[in-house]
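Descriptive analysis of the structure
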Amino acid sequence: MGSARDANAVLRQRDWTVDALCAAGFRHFQPRKRLVMARELGCARTVRTADGALQAWPGDMLCYRPDEQTRAHREEHEHWPVRRVLFEKNYRPWDEQLPDLADLPRFLQAGYSAWYKHSGVWARKLATRQLIQSLESAAPVQVAAGQWLLIGSAGEPWHMNDSAFRSRYREATDGPVPA
């Protein structure tokens, strides 16, 4: 799994079994409940994130963290696109009182609504670099060792740095492993 040959193979979306994920070193993690503001996109666009440019298509959901700003642009909130079918599977409407955040009225006025991610992911910290093709990347990207490689509910890979991963997910230690 950690050879130079593996580092050159592109990991793409595929059907995974629990056994295959475990054999590949992945563990299941649950999301921490965090507010996400989201709205449907009417047209295609490139979404510039801290990790690079991602492609979004009409019908995709554009998600923002209203309490988390990017490191590069303190006035810009952390954001990313999610395919509509995956958003519907993995997110639920926010079911608590909205927090008192300075920019929250701006999101609400722009047509965003409040959600949270409820479904878990499979993840492992990379010991060596890995090429992955996420659903939103135009081309495969090289993910550095030390980053987290995540596999979503539809077998889609993406990556995240350690601090972002730890702030968003916790190891699922109790209950059965999802199939």
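You'll find the structure just up there.
Presented here is a report on the structure given in the accompanying data block. Please read these numbers as outputs of a predicted model, since none were measured by experiment.

**What to know about the sheet that holds strand β1 (residues 10-11)**
Reading across from one edge, β1-β11-β12 is the order of the three strands in this open sheet, with mixed pairing throughout. Either end of the sheet is taken by a strand with one partner, and the two such strands are β1 and β12 (141-143). Looking at chain direction, β1 and strand β11 (residues 130-132) are connected through two bridges and run parallel. Residue pairing for β11: Val10 is matched across the bridge by Leu131.

**A look at the layout of surface pockets**
Approximately 980 Å³ is the volume attributed to the largest pocket. Around the largest pocket sit 49 residues that line it, and Trp80, Trp158, His159, Met160 and Arg168 are the ones nearest its centre. Elements with a contribution of two residues or more to the lining of the largest pocket: β5 (52-56), β6 (61-69), β7 (77-82), α3 (84-90), β12, β14 (157-160) and α5 (162-168). Broken down by element, the lining of the largest pocket gets its largest block of residues, five residues, from β7. Looking at the lining of the largest pocket residue by residue, the class counts come to 20 nonpolar, 17 polar and 12 charged.

**A look at the nonpolar core**
With 13 residues, the main nonpolar core has Leu35, Met37, Leu62 and Tyr112 as its most contacted residues. Ignoring sequence-local partners within four residues, the contact set of Met37 consists of Leu62, Cys63, Tyr64, Pro66, Leu104, Phe107, Leu108, Tyr112, Ser113 and Ala114. Membership of the second largest hydrophobic core comes to 11 residues, among which are Leu11, Leu21, Ile132 and Leu149.

**Things to note about the pairing of strand β2 (residues 27-31)**
Relative to strand β10 (residues 121-125), β2 runs antiparallel, the two being bridged by three bridges. By the bridge assignment for β10, Arg27 is matched with Ala123.

**A short note on the sheet that holds strand β15 (residues 169-171)**
Strands sit in the order β14-β13-β10-β2-β15 across an open sheet of five strands; the sheet is antiparallel. Edge positions in the sheet fall to β14 and β15, since each of these pairs with one other strand and no more. Put simply, the sheet's adjacent strands are angled 40° from each other on average, direction ignored. Strand direction decides the pairing type here: strand β13 (residues 148-151) and β14, joined by four bridges, are antiparallel. Directly across from Ile151, in β14, lies its bridge partner Pro157.

**Re the pattern of salt bridges**
Applying the stated criterion to the full structure yields 10 salt bridges. Here Arg106 ties to Asp103 by a salt bridge, and the two come within 3.8 Å at their closest N and O atoms. Across the salt bridge formed by Asp162 and Arg166, the nearest N and O atoms sit 3.0 Å from each other. A residue pair is termed a helical-turn pair when its members lie 3 or 4 positions apart in one helix, as Asp162 and Arg166 do in helix α5 at four residues. Relative accessible area serves as the criterion here: at 24%, Asp162 is assigned to the partly exposed category. Here the salt bridges do not stand alone but share partners, grouping Lys33, Asp95 and Glu96 into one network.

Reading guide: rules and limits
- Residues numbered from 1 in each chain as written.
- Predicted model: local features only at pLDDT ≥ 70, side-chain atom pairs only at ≥ 80, totals over all residues.
- Heavy atoms only, no water.
- Pairing = 2+ DSSP bridges.
- Helix = DSSP H or I, 4+ residues; strand = E, 2+ residues; numbered from the N terminus.
- 1 Å grid on protein atoms, 1.4 Å probe; cavity = no way out; pocket = protein on both sides within 12 Å on 5 of 7 lines; lining within 4 Å.
- Points joined across faces, edges and corners; volume = space filled by probe spheres on them.
- Nonpolar A, V, L, I, M, F, W, Y, C, P; charged D, E, K, R; others polar.
- Core = buried A, V, L, I, M, F, W, Y, C linked by side-chain atoms within 4.5 Å.
- Buried < 20%, exposed > 50% of the residue type's maximum accessible area, 1.4 Å probe, protein only.
- Contact = heavy atoms within 4.5 Å.
- Axes fitted to C-alpha atoms, helices over the stretch in contact; angles between N-to-C directions.
- Salt bridge = Lys/Arg side-chain N within 4 Å of Asp/Glu carboxyl O.

Without other data, these values stay purely geometric and don't point to any function.
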